[in-house]
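Now for the letters of each chain:
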Amino acid sequence: MQKDENQINPDVQIGQMGRKGRRGEKILGHLKVAVGENHQEIRLNYFGIWGVKDGPTLLLNAAVHGNEVVGVEVLREIVDDINPKELCGNLLVVPIVNSLAFDYGLRCYPNDNIDMNRIFPGNTDGTMTEKIAHTFFDVFARRADYIIDLHSAEFPDELIPHVRVRVKNPSSEYLNLVASTGINAVWKGSEVEGMLQTEAHRIGVPCTTIEIGSAGRITRGNVELGILAIKNVMRILGMLEGTAEIPSRQIVLDLNSAWLRSPIDGIFRPATKLGQFVKAGETVGRIVNPASFEEYLLISHLSGIVAGISHQPIVQPGTRLAIVVDFDRDDLTKHLVELPALPNSQLKENEYLNILINELN
Ligand SMILES: [Zn+2]
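Remember, it's a predicted structure, so these values are computed and weren't measured experimentally.

Once that is clear, we can look at the environment of alanine 322. Turning to its location among the elements, alanine 322 is positioned in strand β19 (residues 320–326). Residue class for alanine 322 comes out buried when judged on its relative accessible area of 0%. As a C-alpha pair, alanine 322 and serine 262 span 60 residues in sequence and 9.6 Å in three-dimensional space. Excluding anything up to four places from it in sequence, alanine 322 contacts Trp259, Leu260, Val284, Leu298, Gly308 and Ile309.

Now the structure itself:
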């Protein structure tokens, strides 16, 4: 599984501002990217955790989109928790890649309004967003054996936690990384040029994108899910002691499905939870106009899983509110992918399937 050519040597200094890391050490480094429009220094802050034994180099990053903060909190806890004396291999952690967008609490840096996850590997002569992307890709992604890229749904939506597969002809190593997260659902979309996972795949580094929670919103459950996914991967890669628990089958969702939208102004009150099964004709939520008391029931037109829901209660005509993804309970096999047996792991039933199967009985 390990590649020699990209194997990081813990004695190698990263960037001009980071000090050398030694085995068994955890360091905080700052890497200068550029000088900003207001003459401030733009930096990438990172942590290096150098294990005492050999193993792969895993890069963990979050906030490529500046307001997707669940991953930032996940990585803060991971850095705090991992003891380098119990680690095999190395962790490189960049909790906030798009620091300029993060400072504004926005998905993209408003001065160039470029979606960083469409322009990797970046450009040294480009805009600030392109310069940051270039430094991140060149210094960190190229040094990694594996990458976990943490994202959240766009504000104000929340999607069912899932792993995204957005590369053409994924290798078994890549698919094993997706399975190793232990996340219950997967979305397979088309390849997108400039996406971190696509460009990392192009240079031979398996990179998986995990989508947890909603932009601008941190919940304990979502943070714990992210921590567990990273530790599952680390256990399966032999970086951490312990046994990963992964579902024997992942649910494959088509998140390109149409959203249910509000036809009126008002306040949205969901009647379902993420991951819940609804039948065609069932109510997903209601919109009530607080002035006229006009009420509209949001009805699902198909039987399936509630895979997305909006957290913004104030809605206008056309506001997207929920997404129900087709799921035929009588033909489970067409929605499921069997996961391979992986080292240091044991299989469990998919928690969403457990709920669906219980509802069937
Ligand atoms: Zn994102």
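Assigned domains within the protein chain: domain 1 (26–248) and domain 2 (259–326). Summarising the inter-unit geometry, the C-alpha centres of domain 1 and domain 2 are found 32 Å apart. If you look at the interface, domain 1 gives seven residues, while domain 2 gives twelve residues. For the pair domain 1 and domain 2, the summed buried surface comes to about 770 Å²; carbon and sulfur atoms form 58% of the total. As a salt-bridge pair, aspartate 157 and arginine 320 come within 2.7 Å of each other at their nearest N and O atoms.

A few words now on the nonpolar core. In this structure, Leu58, Leu60, Val74, Leu91, Ile230 and Met234 are the most contacted members of the largest nonpolar core, which totals 37 residues. Breaking this core down by element, the ones donating at least two residues are β3 (53–62), α1 (70–81), β4 (88–94), β5 (146–153), β7 (162–165), α4 (172–180), β9 (207–214) and α6 (220–236). Residues in contact with valine 74, not counting those within four places in the same chain, are Leu150, Asn222, Val223, Gly226, Ile227 and Ile230. Of all hydrophobic cores here, the second largest spans 31 residues; its members include Trp50, Val97, Val139 and Val205.

It helps to recall that an α-helix has 3.6 residues per turn; residues three or four apart then point in one direction. For α6, spanning 17 residues, the distance from its first C-alpha to its last is 24 Å, which sits close to the expected 24 Å at 1.5 Å a residue. Counting buried positions over the 17 residues of α6 gives twelve, a clear majority of the element. Among all positions in α6, only Asn222, Val223, Gly226, Ile227, Ala229, Ile230, Lys231, Asn232, Val233, Met234, Arg235 and Ile236 are buried.

What counts as what
- Every chain begins its residue count from 1, and numbering advances along the sequence as written.
- Totals for whole chains, interfaces and linings use every residue, but because this is a predicted model, local features are given only for residues with pLDDT of at least 70 and side-chain atom pairs only at 80 or more, for both listing and counting.
- To get the side-chain values, all heavy atoms of the structure are used, and hydrogens and water are removed first.
- Helix numbers and strand numbers start at the N terminus; a helix is a DSSP run of H or I with at least 4 residues, a strand a run of E with at least 2.
- Three exposure classes are used, based on accessible area relative to the maximum for each residue type with a 1.4 Å probe and protein chains only: buried under 20%, partly exposed in between, and exposed over 50%.
- Only heavy atoms matter for contacts: two residues are in contact if any of them lie within 4.5 Å across the pair.
- As annotated, the domain borders come from an automatic or database domain assignment.
- Note: buried area is the sum, over both parts, of the accessible area (probe 1.4 Å) each one loses when the two are combined.
- Salt bridges are identified by distance alone: a Lys or Arg side-chain nitrogen within 4 Å of an Asp or Glu carboxyl oxygen.
- For the purposes of this section, nonpolar cores are sets of buried Ala, Val, Leu, Ile, Met, Phe, Trp, Tyr and Cys residues that join through side-chain atoms within 4.5 Å.
- By this rule, a helix spans an expected 1.5 Å times one less than how many residues it contains.

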